[in-house]
Amino acid sequence: YAYGHVVLSYGGTVFLGDFARYDQEKNVIVVEGDVKIISERGNKIMADKVVFKVNDNHVVFSDFYHTDREDIWMYAAKAEKKDGNYTLHNSILSS
């Protein structure tokens with residue numbers, strides 16, 4: 001567990017948040033509280049909570065906001081990313 005201004009780096013991506021925990025048995029990373037994610041390609045994500053299932057390369061986001069270098073953004077109450085593809089629930093997209 002880690003609390004307060006947590007910074008994690010995984011595969012060229014930086015995760016920032018208020019709280020993080022790692023379940024070694026399940027290989028799952030959970031980051032909560034004002035989560036910000038910055039990818040090596042410059043994409044930025046903000047969320048309330050992120051659950052990263054490392055073995056499955058599957059990420060679940062709560063209160064998700066994503067923007068890229070071209071200023072295309074999307075918001076979703078819930079989002080999932082699996083193998084590079086996003087699934088958005090209750091979402092808005094703008095360009």
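Residues numbered from 1 in each chain as written. Predicted model: local features only at pLDDT ≥ 70, side-chain atom pairs only at ≥ 80, totals over all residues. Heavy atoms only, no water.

How would you summarise the overall build of the chain if you had to cite specific residues and measurements?
For the chain, the count of helices and strands is zero helices and seven strands. Computed over the C-alpha atoms, the radius of gyration of the chain is 13 Å, within 12% of the 12 Å expected from 2.2 N^0.38 for a compact globule of 95 residues. Here the C-alpha coordinates of the chain stretch approximately 40 × 25 × 25 Å along the principal axes. The buried share among the 95 residues of the chain stands at 34%. Counting only contacts in the chain whose residues sit at least 6 apart along the sequence, the fraction spanning at least 24 positions is 17%. Entry remark: accessible area of the chain is about 6,100 Å², with carbon and sulfur atoms responsible for 49%. Distance from the positive charge centre (11 side chains) to the negative charge centre (14 side chains) of the chain: 2 Å. (Helix = DSSP H or I, 4+ residues; strand = E, 2+ residues; numbered from the N terminus. Rg over C-alpha atoms; globule rule 2.2 N^0.38 Å. Buried < 20%, exposed > 50% of the residue type's maximum accessible area, 1.4 Å probe, protein only. Contact = heavy atoms within 4.5 Å. Areas by Shrake-Rupley, 256 points an atom, 1.4 Å probe, with all protein chains shown as cover. Lys, Arg positive; Asp, Glu negative; His and termini not counted. Charge placed at Lys NZ, Arg CZ, Asp CG, Glu CD.)

Mind laying out the confidence of the model for the chain, listing which residues take part and the relevant values?
Of the residues in the chain, 100% reach a pLDDT of 70 or more, and the chain-wide mean stands at 92. Element-level pLDDT for the chain is lowest in strand E1 (residues 2-10), with a mean of 88, against a maximum mean of 96 in strand E4 (residues 44-53). (pLDDT = per-residue confidence, 0-100.)

Any chance you could break down unusual backbone geometry for me, citing the residues and the numbers?
Most peptide bonds adopt trans geometry, and most residues besides glycine take a negative phi value. Located in the positive-phi region is Asp34, a residue other than glycine, with phi close to 50 degrees. Taking relative accessible area as the criterion, Asp34 reaches 48% and is therefore assigned partly exposed. In this structure, Asn57 takes a positive phi of about 50 degrees despite not being glycine. Note on placement: Asn57 falls in the loop between E4 and strand E5 (58-67). When its relative accessible area of 40% is taken as the criterion, Asn57 is described as partly exposed.

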